[in-house]
There are 2 protein chains.
Amino acid sequence: MKNKIIYTILIFLTITKFSNASDGYDLWLGYHKINNASLKTNYKKIFSSIYLKDVQKNATIKLIKKELTWASKLMIEAAPLFTTDSNNASILFRIDEQNKDINEEGYGIKAWTKNSKNGVVVYAKNEVGLLYGCFALLRAMQMQEDLKTINTISSPTLKIRMLNHWDNINRTIERGYAGNSIFNWHTLPDYIDKRYIDYARANASIGINGTVVTNVNANALFLTPEYLLKVKALADAFRPFGIKIYLTARFSAPIEIGNLKTADPLDSAVIKWWADKAKEIYDLIPDFGGFLVKANSEGQPGPQNYDRTHADGANMMAAAVAPFKGIVIWRAFVYSNETPEDRVKQAYNEFKPLDGKFSKNVLVQIKNGPLDFQPREPFHPLFGAMPKTPEVLEFQITQEYLGQSTHLVYEAPMFKEILESNINATQKVVDVLEHSNNELTGISGVANIGSDINWCGHPVGQANWYAFGRLAWNPHLNANEIAKEWIQQTWSHDEKVIDTIQQIMMASYENMVKYMTPLGLHHIMGNGHHYGPMPWGNTLNREDWNPVYYHKSDSYGVGFNRSISGSNAIAQYDPFVQNKWKDSSTCDEKFLLWFHHISWKHKMKNGNPFWDELCYQYNEGVNGVRKMQKQWQSISMHIDEDQHHQVKQLLQIQLNDAIWWRDACLQYFQTFSKLPLPKGYPLPAHDLKYYQSLNFPFAPGNGK
Amino acid sequence: MKNKIIYTILIFLTITKFSNASDGYDLWLGYHKINNASLKTNYKKIFSSIYLKDVQKNATIKLIKKELTWASKLMIEAAPLFTTDSNNASILFRIDEQNKDINEEGYGIKAWTKNSKNGVVVYAKNEVGLLYGCFALLRAMQMQEDLKTINTISSPTLKIRMLNHWDNINRTIERGYAGNSIFNWHTLPDYIDKRYIDYARANASIGINGTVVTNVNANALFLTPEYLLKVKALADAFRPFGIKIYLTARFSAPIEIGNLKTADPLDSAVIKWWADKAKEIYDLIPDFGGFLVKANSEGQPGPQNYDRTHADGANMMAAAVAPFKGIVIWRAFVYSNETPEDRVKQAYNEFKPLDGKFSKNVLVQIKNGPLDFQPREPFHPLFGAMPKTPEVLEFQITQEYLGQSTHLVYEAPMFKEILESNINATQKVVDVLEHSNNELTGISGVANIGSDINWCGHPVGQANWYAFGRLAWNPHLNANEIAKEWIQQTWSHDEKVIDTIQQIMMASYENMVKYMTPLGLHHIMGNGHHYGPMPWGNTLNREDWNPVYYHKSDSYGVGFNRSISGSNAIAQYDPFVQNKWKDSSTCDEKFLLWFHHISWKHKMKNGNPFWDELCYQYNEGVNGVRKMQKQWQSISMHIDEDQHHQVKQLLQIQLNDAIWWRDACLQYFQTFSKLPLPKGYPLPAHDLKYYQSLNFPFAPGNGK
């Protein structure tokens, strides 16, 4: 009798993980099981004898032990064994204060073989260095590297590698697209959320050593005793991971919480207030990093309210923290309320003359480009323009203008484009950061982290956190390799999966630039929330908050003339750089409309008329997303079903949005160009009025 | 040579789960591994042959299959096998439309033995009933029950078992303490977050069959076409789980989004607008549940703005949804802006006269008590007072007044206290709900769910969601048993752990009442956010929003006289009930100050003077928390380290808060009683002024 038909459940193969097993919370620290048998055997062997000193005495060493234990259990399904005999350990963690090959934070990992036994030594000058070495070792294992030949020396060149959280006291996040702030001030200091630990752990694993936990649009309440106790609790949690905490300082705090009548940086009561406040903070947090300040910018108070310079303000605060080795990071993101000057010129104009006037413990933090984190900007002309001042490069990891958390955009190619930009014939931006004349060096990233289970909203968003950290540690890594590292640690060991996701990621940045702002277009997003296209926007009070200010479309053409015949912003760059951009016929076309007002009929280098090329670029962006979708589909059987479905849905949103951008922008620009879409070009689904009628009062990240 | 000392890692034993393995996301559906060998063998045997019809055709059946697959893999580490031969299946899912033992949503599970083979039959009248049966079967297995003897029949007596989410369009949650709203309206309808599915799944597992996804303080935008598409996407996701979606309806929507000049329920244009709107909704969502309405309450618009009654308003909306079998749930939580009447009397006064005037598809939703979700209230006098009107009991699961998400408070004893309250000599509140004269019956719970990884903030908070659902299904279950079920499914199979957590949970409600509002005190929390004690509060515009209105302390005594000599609110109850409470010397002391203004020297039933008893009660609450701490500590080695630590930290906050409540309240009341603390009583750490100076501008749940 064959009336009993049992069929196995095919679907089961793809649901080997339950519920949140694949929820992204573990980031790149999932320590997935090693399937390669010989590798596993070797890993097992070396994990059978680990020498780690001072576990009971040192909190950082304790963390190393914990991390090794987790990783071992998960990757090789065995608990590691620890030994107190350093001579016979197969993994030896050694502090070597005199080592000249590494710097204070650096580490080395070296394989050895002796009497047919093999193992590795991890060395550093201190415990945090060993922690970095531990994470590097585990990364190598996650990358399935053979530990018999490992030989690495690595030291970060930038001393300050920090995240900036634009997180508010009520847990909203300015430009946050991944839920609320992970910092729950209400339950601090008594409740240390596990997230704080996992956050610090993730940062340490990529070498981030500082975090500003409060919004640059600052709230003075954070400097009150009650809140400082909360900050101290976080600092205590972060310390073993080698992470210093910083706060944003509201310049008018002496008035708001200090009962003073002024915040004038030259006023003696104000000077004393900040000095006392600094002492109060350092009494609680001896290794407090210092202050990050946004002053006289977009409504924030600052020294100019009292006719003082940015240097006056920064130096006053710097003096307050100097006795405790604190620093002040002063943001160069300023533009005047009054001056009718091209906005991209203003930071340079304001800050260049101040070079040499800042105290030694002041750094000036400069956004990657001169405007505001656009999909593509030329590098900021201030880089290299203040040789006496340590400069910090500020990237925006959170995708304010880059599709927020529904678009897959891998940012490392953008980071690299800026870092590798020549500021003159011999120097790149990265050289300015690394080979500063100054003792302090640094890089900042505006965090894309929130309370979403997977931290960053889009499942691929965490790659940008990862890439930022890796580049902060070593700006010479390449974007492609970083992507591979992240994928292999996060998604799969399968070559096809790795290749496919890597291709998707590597194409994503250019795709996004093309469907949003090709050929040098910029700031044509929706007002306020910056969600979606709004090139027609011209209703905001400030001229330079409006899209029409930036693209200047008219019947002749489109683009902002920043050449010598226009605002001459180009003059802020070195002649070597000017030569690349100054002439519209030779200008690097990715910045064409950034520097030039271009005729609709301008002949492009490829021979296309400009209008046609603009249309083609938009459509290439759209087709690029279609390609990403196909590639993603091709690995559907090879990765977790839920995660796959999640990204699939998001790619569909991204495609819809790309089409929306293309059709809305082209129809709008067409009202000026009066030119037809190229032959065979896809027709828009709606007319311009429809796109102009769309309204997103509750788009996220906008404080509503 | 013994210079090689290898020591195993003790700590490792407690870290067998990695990172988010114990993060609470899985709720009570963790399906923990069965360790009992014979049980496991039997479970394995019966999972080797499951008969489930129409998997390809029916979405709910598909879910059953998925759930069985997960559960089997996790509990017994084997994939289940499915068969198409119903005669030889060891688990048989059978639809039996004619079965008279169960109702439309009920299910039965019955063990059978035949020829030394055993198995179970799960039967129901439809697919959703089978889903309920599936979850009941899996619950029994999680409870390690022997399936050889299982024999259960279960049918819910209440037809509407729903959650009310007070979630706003911008993802804030009014009275939410577990992060932001899980409903991300910005990415809907295109992005179906896995959370929506897991939310529906959790609800279905406890029998919840309806959800109101929008705040009762309603936003008319949810009724616009754009948002209705988003609601439809949720409805589609919830449907296979047997969950209907409802919306709150803003009464003035015809003006705000309909361009009408009035929202008068008797105006023909208004009537047509709602009828058209209902049709529009049902075209998208054929099984749309209906509307929940808060009208003419705390600033919300309503029919009284047009001199119409609540019945006029409700009936107009009910007529709009009636053609589609929709319902309107009208909230009785109203109190006038003008009337100087005792606030707790107003809902009764307003609604009782309307009994019989509502359309058949209108239900009136009544909070458990007559005031506002206080730690303890007598049952609402409207229960049973409107025999012609279906009444819905509304509980608040979210702990607005109950310590928010930092206090461990298991609410089932409170739910039970209300359900089991006699409304007269023969009937209880539960009888009013179950044996209504009306076709419709229901119960609602204001959700405590948010975007926190563990859904409910406090790790024990999810027990309240669970308990609400279980009691909604069967109000006759007891709190203790429900606690046990939840613990066993969530925390451990270990008897000691189960017993200990159960004891903690079962004591928690009374403890909280004692350290916050013992002996009938009520509404003495901080203004607005309701966080912490503020019995001195008297600065709000409305008299009946101020704590002093509720406790009425003076040199004679304390308490609100609601007896015949006072506001006579007691007259709203049946004489049988009045007898228990009307006389201060015999009144059930848990409601003493609710109904009476009591002398500081009043002699309590135990012989203590009232003032001393008040002091003792507060301190018993504090000591109760201390006991909870000790009990929790005693199981530290038996449960996940991270989870244990989390609750441990929260219990410390709870203890600090309990002490704060005790010391602040007693010192304040002492300014009236002028009596000393009892001998040996713990001295407060601060003076009254200190407590009065505390200020929590960013307490959560308050829309700031």
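Residues numbered from 1 in each chain as written. Chains lettered and ligands numbered in written order. Predicted model: local features only at pLDDT ≥ 70, side-chain atom pairs only at ≥ 80, totals over all residues. Heavy atoms only, no water.

(A) How the structure looks around the pattern of salt bridges. Residue and element names in this part refer to chain A. Applying the stated criterion across every chain, the model contains 62 salt bridges over all chains. Across the pair Lys416 and Glu420 runs a salt bridge whose closest N-O atoms are separated by 3.3 Å. The exposure class assigned to Lys416 is buried, which follows from its relative accessible area of 11%. Among the ionic pairs, Arg662 bridges to Asp663, the shortest N-O distance being 2.8 Å. Neither residue differs from the other here; Arg662 and Asp663 are each classed as buried. A network of salt bridges, in which partner residues are shared, links Glu67, Lys194, Asp198 and Arg201. (Salt bridge = Lys/Arg side-chain N within 4 Å of Asp/Glu carboxyl O. Buried < 20%, exposed > 50% of the residue type's maximum accessible area, 1.4 Å probe, protein only.)

(B) How the structure looks around the state of the cysteines. All names here are of chain A. Enumeration according to the criterion identifies zero disulfides over all chains in this entry. With no disulfide of its own, Cys587 lies closest to Cys615 among cysteine sulfurs, the gap being 20 Å. With a relative accessible area of 1%, Cys587 lands in the buried category. (Disulfide = S-S within 2.5 Å.)

(C) Representation of the side chain of A:Asn99. Residues and elements named next belong to chain A. Its place among the elements puts Asn99 in the loop between strand E4 (91–95) and strand E5 (107–114). According to the relative accessible area criterion, Asn99 is buried, its value standing at 11%. Each residue touching Asn99, except ones within four places of it in the same chain, is listed here: Tyr123 and Lys125. (Helix = DSSP H or I, 4+ residues; strand = E, 2+ residues; numbered from the N terminus. Contact = heavy atoms within 4.5 Å.)

(D) Broad picture of the confidence of the model for chain A. All names here are of chain A. Confidence along chain A averages 94 in pLDDT terms, with 97% of residues attaining 70 or more. Scored below 50 in pLDDT, residues 1–21 shows 44 contacts in the model against residues more than four places distant or in partner chains. Predicted complex, confidence summary: ipTM 0.94, pTM 0.96. (pLDDT = per-residue confidence, 0-100.)

(E) Up close: helix H6 (residues 225–238) of chain A. Residue and element names in this part refer to chain A. Look at H6: 20 Å from first C-alpha to last across 14 residues, which is about the 20 Å you get at 1.5 Å a residue. Among the residues of H6, Tyr227, Leu228, Lys230, Val231, Ala233, Leu234, Ala235, Ala237 and Phe238 are the ones counted as buried. Along its buried surface, H6 packs onto helix H5 (194–206), strand E9 (210–212), strand E10 (244–248) and helix H8 (268–284). (Expected span 1.5 Å × (residues − 1).)

(F) Inspection of the side chain of B:Gln502 at higher detail. All names here are of chain B. Along the chain, Gln502 falls in helix H15 (residues 495–516). Gln502 sits in the buried class, given a relative accessible area of 10%. A distance of 2.9 Å separates a polar side-chain atom of Gln502 from the backbone oxygen of Asn480. Among all residues touching Gln502, those that are not within four sequence positions of it are Asn480, Ala483, Lys484 and Ile487. (Polar contact = N/O pair within 3.5 Å; in protein donor to acceptor, adjacent residues only side chain to side chain.)

(G) Region of interest: empty space enclosed by the protein. Residue and element names in this part refer to chain B. Its boundaries defined by the atoms lining it, the largest cavity holds a volume of some 110 Å³. Sorting the residues of the lining of the largest cavity by element identifies helix H10 (343–351) and strand E13 (362–367) as the ones contributing at least two each. In terms of residue count, the dominant contributor to the lining of the largest cavity is H10 (four residues). Residue composition of the lining of the largest cavity, by class: nine nonpolar, three polar and two charged. (1 Å grid on protein atoms, 1.4 Å probe; cavity = no way out; pocket = protein on both sides within 12 Å on 5 of 7 lines; lining within 4 Å. Points joined across faces, edges and corners; volume = space filled by probe spheres on them. Nonpolar A, V, L, I, M, F, W, Y, C, P; charged D, E, K, R; others polar.)

(H) Representation of the sheet that holds E9(A) within the structure. Residue and element names in this part refer to chain A. Pairing is parallel around the closed barrel formed by eight strands, whose spatial order is E8-E9-E10-E11-E12-E13-E14-E15. The average undirected angle you get between the axes of adjacent strands in this sheet is 25°. Here four bridges tie strand E11 (residues 290–293) to strand E12 (residues 327–331), and the two strands are oriented parallel to one another. Each bridged residue has a counterpart across the sheet, and for Phe291 the counterpart in E12 is Val328. In this fold helix H13 (residues 462–473) packs onto strand E8 (160–164), strand E14 (391–396) and strand E15 (442–446), with an angle of close to 155° to the strand it touches most, E8. (Pairing = 2+ DSSP bridges. Axes fitted to C-alpha atoms, helices over the stretch in contact; angles between N-to-C directions.)

(I) Representation of the sheet that holds strand E11 (residues 290–293) of chain B in the model. Residue and element names in this part refer to chain B. Taken together, eight strands build a closed barrel; the order of strands is E8-E9-E10-E11-E12-E13-E14-E15 and the barrel is parallel. Taken over all neighbouring pairs, the strand axes of this sheet differ in orientation by 25° on average, direction set aside. For E13 and strand E14 (residues 391–396), the ladder comprises four bridges, and the chain directions are parallel. Bridge pairing in E14 links Gln365 to Val392. Across the sheet, helix H9 (residues 310–321) is in contact with E11, strand E12 (327–331) and E13; its angle to E12 comes to roughly 160°.

(J) Structural view of the packing of H15(B) against helix H19 (residues 610–634) of chain B. Residue and element names in this part refer to chain B. Closest axis-to-axis distance for the H15/H19 pair is 8 Å, and the angle between their directions is 160°. Put simply, H15 runs roughly antiparallel to H19. Viewed along their axes, H15 and H19 form a crossing whose handedness is left-handed. Listed contacts from H19 to Lys496, Thr500, Ile501, Gln503, Ile504, Ser508, Asn511, Lys514, Tyr515 and Met516 of H15 are Gln617, Tyr618, Glu620, Gly621, Val622, Gly624, Val625, Met628, Gln631, Trp632 and Ser634. (Parallel < 35°, antiparallel > 145°, perpendicular 65-115°, else oblique. Left-handed = near helix turned anticlockwise from the far one by under 90°.)

(K) Local environment of the packing of H8(A) against helix H9 (residues 310–321) of chain A. Residue and element names in this part refer to chain A. Between H8 and H9, whose axes approach to 8 Å, the crossing angle comes to 40°. Relative to H9, the element H8 is oriented oblique. As for the relative orientation of H8 and H9, their crossing is right-handed in sense. Residue-level contacts link Val270, Ile271, Trp274, Ala275, Ala278 and Tyr282 of H8 to Met316, Met317, Ala320 and Val321 of H9. For the contact of H8 with H9, the per-class residue count stands at 10 nonpolar, no polar and no charged.

(L) Quick look at the packing of aromatic side chains. Residue and element names in this part refer to chain A. Inspection of every chain in the model, using the stated rule, returns 90 aromatic pairs over all chains. With 4.7 Å between their ring centres and 85° between their planes, Tyr549 and Tyr550 make a pair best called edge-to-face. Each member of the pair, Tyr549 as well as Tyr550, carries the same accessibility label: buried. One aromatic cluster is present, built from ring pairs that chain together Tyr25, Trp28, Phe183, Trp185, Tyr196, Tyr199, Phe222, Tyr227, Phe238, Trp455, Trp465 and Tyr466. Above the ring of Phe82, the side-chain terminus of Lys65 is found at 5.1 Å from the ring centroid. (Phe/Tyr/Trp six-rings, centres within 6.5 Å; stacked < 30°, edge-to-face > 60°. Lys NZ or Arg CZ within 6 Å of the ring centre and 35° of its normal.)

(M) Highlighting the environment of A:Leu593. Residues and elements named next belong to chain A. Within the secondary structure layout, Leu593 lies in helix H18 (residues 592–595). Judged by relative accessible area, Leu593 falls into the buried class, the value being 1%. When residues no more than four places from it in sequence are discounted, the contact partners of Leu593 are Pro518, Leu519, Gly520, Leu521, His522, Val558, Gly559, Phe560, Ile598 and Phe610.

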